[in-house]
Amino acid sequence: MVIAIDGPAGAGKSTVARALAERLGATYLDSGAMYRSVALLTVRAGADPDDPAAVVPLAEGLDIGMAGRTITIGAEDVSAAIRTPEVTAAASRVSVHRGVREAMVQRQRELLSDGAWVAEGRDIGTVVYPEAPLKVFLTASPEERARRRAAESGEEAEAVLAAQRERDARDIEREHGALAPAADSVEVDTTGLGIDEVVEAIAEIASARGLS
Ligand code: DC
């Protein structure tokens, strides 16, 4: 069983998906951590994130481990390293390449084929797992999303908003796995809502569909 939670950065996906997974006794999948890990390897290799010939082999060979909040590449804990602004910017660029997406989507499908999952990303409901019985598209206003990110990271809200605009555009405009609500998704605008309210609303829908 898979519940897909897609939407732009800062809409509250991670917090909501984690809380929902805990509530339903499901496992949380952070697909963004996989793209971030490819970006980290790219940055460390001094490779160009826009060059698929450099990036796709790194994605295909990625030895990633995901256990709760801990993300590892090989034996190294990279949980913090994949969240820096530099890697965040590179993640948005490496994730446009078709070969990168194919490698990540294949692994995500393998994981999701067994067990109960709440999976978070951009394309879970549209590409990775269209058969998910509940697909949620979480949104919030750009200003609110930037405010949340800035409060988390300590960066300046204006700078976060500018970087976020660029990443949003790349997410929406890319040819493969573009950010878009699945036709049968439930859209939830989290602007002005608390996490508990959002989780409660989604849990109610899940329950109504016999998923809890
Ligand atoms: O959700 P996040 O901020 O951790 O995602 C990091 C980057 O990965 C973001 O630029 C978009 C990309 N991404 C993607 O293309 N597809 C996904 N399913 C998840 C993330």
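For every chain, the first residue of the written sequence is number 1, and numbering continues from 1 onward in sequence order. Note on the predicted model: pLDDT of at least 70 is required for a residue's local features to be given, and 80 or more for side-chain atom pairs to be given and counted; whole-chain, interface and lining totals, by contrast, use all residues. The side-chain quantities take in all heavy atoms of the structure and omit both hydrogens and water.

Could you give an account of helix H3 (residues 52-60), with specific residues and numbers?
Because each turn of an α-helix spans 3.6 residues, side chains separated by three or four positions in sequence point in the same direction. Accessible area is worked out with a 1.4 Å probe on protein chains only. A residue is then buried under 20% of its type maximum, exposed over 50%, and partly exposed in between. A helix here means a DSSP run of H or I that spans at least four residues, while a strand means a run of E at least two residues long, and both kinds are numbered starting from the N terminus. Of the positions making up H3, those classed as buried are Val55, Val56 and Ala59. Take H3 and look down its axis: the buried residues cluster within an arc of 100°, on one side only. The secondary structure elements touched by the buried residues of H3 are helix H2 (31-45), helix H4 (85-94) and helix H5 (98-112). One side-chain oxygen of the residue at the start of H3 lies 3.0 Å from the amide nitrogen of alanine 53, identifying that residue as aspartate 51. To obtain the arc, one takes the directions from the helix axis to the C-beta atoms. Whether two residues are in contact is decided by their heavy atoms: any pair within 4.5 Å suffices. In protein, a polar contact requires one atom able to donate a hydrogen and another able to accept it; more generally it is a pair of N or O atoms within 3.5 Å, and residues adjacent in sequence count only if both atoms are side-chain atoms.

Which residues make up the pattern of salt bridges, and what values do they have?
What counts as a salt bridge is simple: a side-chain nitrogen of Lys or Arg found within 4 Å of a carboxyl oxygen of Asp or Glu. Counting across every chain of the model gives 12 salt bridges. Residue arginine 101 pairs with aspartate 123 through a salt bridge whose shortest N-O separation is 2.9 Å. Pair noted here: arginine 101 is in helix H5 and aspartate 123 is in the loop between strand E6 (117-121) and helix H6 (124-128), with a separation of 22 residues, a long-range link. Residue classification places aspartate 123 among the buried residues on the basis of a relative accessible area of 2%. One continuous salt-bridge network, built from bridges that share partners, spans Arg122, Asp171 and Arg174.

I'd love a proper account of the site of the ligand, names of residues and values included.
Residues in close proximity to the ligand total 14 residues, the closest being Ser31, Arg36, Arg101, Arg122 and Asp123. Between an oxygen atom of the ligand and a side-chain N or O atom of arginine 122, the distance comes to 2.9 Å. Arginine 174 is positioned such that a nitrogen or oxygen atom in its side chain is 3.0 Å from an oxygen atom of the ligand. Each accessible area is a Shrake-Rupley estimate made with a 1.4 Å probe; only the visible protein chains count as cover when residues are assessed. Out of a free accessible area of 450 Å², the ligand has 97% covered by protein chains. If you list the elements that add at least two residues to the shell around the ligand, you get H2, H4 and E6. With 4 residues, H2 is the largest single contributor of residues to the shell around the ligand. For this scheme, ten residues count as nonpolar: Ala, Val, Leu, Ile, Met, Phe, Trp, Tyr, Cys and Pro. Four count as charged, namely Asp, Glu, Lys and Arg, and the remainder, Gly too, count as polar. Residue classes in the shell around the ligand are distributed as 2 nonpolar, 5 polar and 7 charged. Put simply, a residue is near a molecule or strand once any heavy atom of it comes within 4 Å of that molecule or strand.

Describe in detail the sheet that holds strand E2 (residues 27-30), supporting the description with residues and values.
Pairing between the strands of a sheet comes from backbone hydrogen bonds, and it takes one of two forms, parallel or antiparallel. Here the rule is simple: two strands pair whenever DSSP picks up at least two bridges between them. Read from one edge to the other, the open sheet built from 5 strands follows the order E2-E6-E1-E7-E8, with strand pairing classed as parallel. Each edge of the open sheet is held by one strand with a lone partner, namely E2 and strand E8 (186-189). This sheet shows a mean twist of 20° between the axes of neighbouring strands, independent of strand direction. Note that strand E7 (residues 134-139) and E8 share 4 bridges and pair parallel. What counts as an axis is a line fitted to C-alpha atoms, over the stretch in contact for a helix, and the angles between N-to-C directions run from 0 to 180 degrees.

Could you give an account of the sheet that holds strand E4 (residues 70-73), naming the residues involved and the relevant values?
Taken in spatial order, the 3 strands line up as E3-E4-E5 in an open sheet, and their pairing is antiparallel. With partners counted over all chains shown, the strands left at the sheet margins are strand E3 (64-67) and strand E5 (76-77), one partner each. Sheet topology places E4 next to E5; 2 bridges connect them, and they run antiparallel. Paired with isoleucine 73 across the strands is glutamate 76, a residue of E5. Strands E3, E4 and E5 of the sheet are contacted by H2, whose axis makes an angle of about 40° with E4.

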